[in-house]
Amino acid sequence: MATNVRGVVSTIEHAGRITVERTIRGSIICIVSVAAVITGTIPLAYTSSKHAILGVVRSSCGELRAYGIRVNCVVTARGDNAVVGLSGFEIERERG
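Described below are features of the structure shown in this document.

Rules used throughout
Residues numbered from 1 in each chain as written. Predicted model: local features only at pLDDT ≥ 70, side-chain atom pairs only at ≥ 80, totals over all residues. Heavy atoms only, no water. Disulfide = S-S within 2.5 Å. Buried < 20%, exposed > 50% of the residue type's maximum accessible area, 1.4 Å probe, protein only. Patch = residues over 30% accessible without salt bridge, like charges linked within 9 Å, V, L, I, M, F, W, Y side chains within 5 Å. Areas by Shrake-Rupley, 256 points an atom, 1.4 Å probe, with all protein chains shown as cover. Salt bridge = Lys/Arg side-chain N within 4 Å of Asp/Glu carboxyl O. Helix = DSSP H or I, 4+ residues; strand = E, 2+ residues; numbered from the N terminus. Pairing = 2+ DSSP bridges. Right-handed = clockwise from strand over helix to strand, strands pointing away.

With respect to the state of the cysteines
Consideration 1: Applying the stated rule across the entire model yields zero disulfides.
Consideration 2: For the unlinked cysteine Cys30, the closest cysteine sulfur is that of Cys73, found at 6.2 Å.
Consideration 3: Its relative accessible area of 7% is what places Cys30 among the buried residues.

Here you go:
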């Protein structure tokens, strides 16, 4: 869990620091598993780390907004997803 979260925190901190120093307005995009938004049979540590990453992205968004920097997250899933058809929420709804 710590590796996943620390990696994202370090990346956002580094990219945020450089873009603020250089007065660059832009976006920091993180990629996270669908486990960040739905639960199920995925192991606890994995799901917890993905939820933590989502929290880091949301918090970073608030902190960097004043500098014109957006922090966003792309949620990925195996099989059908928002790019090819179903979103994670629709997949969960279909499971019942």
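Next comes the rest of the write-up.
So, a nonpolar patch on the surface
Consideration 1: Together, Ile29, Ile31 and Val74 line one region of the surface with nonpolar side chains, adding up to about 290 Å² of accessible area.
Consideration 2: Within the element layout of this structure, Ile29 appears in strand S1 (residues 26-33).

Details of the pairing of strand S2 (residues 69-76)
Consideration 1: The pairing of S1 with S2 spans eight bridges and is parallel. Looking at the pairing, Ser33 lines up with Thr76 of S2.
Consideration 2: Since S1 and S2 lie parallel, the crossover through helix H2 (residues 44-64) that links them has a hand, and here it is right-handed.

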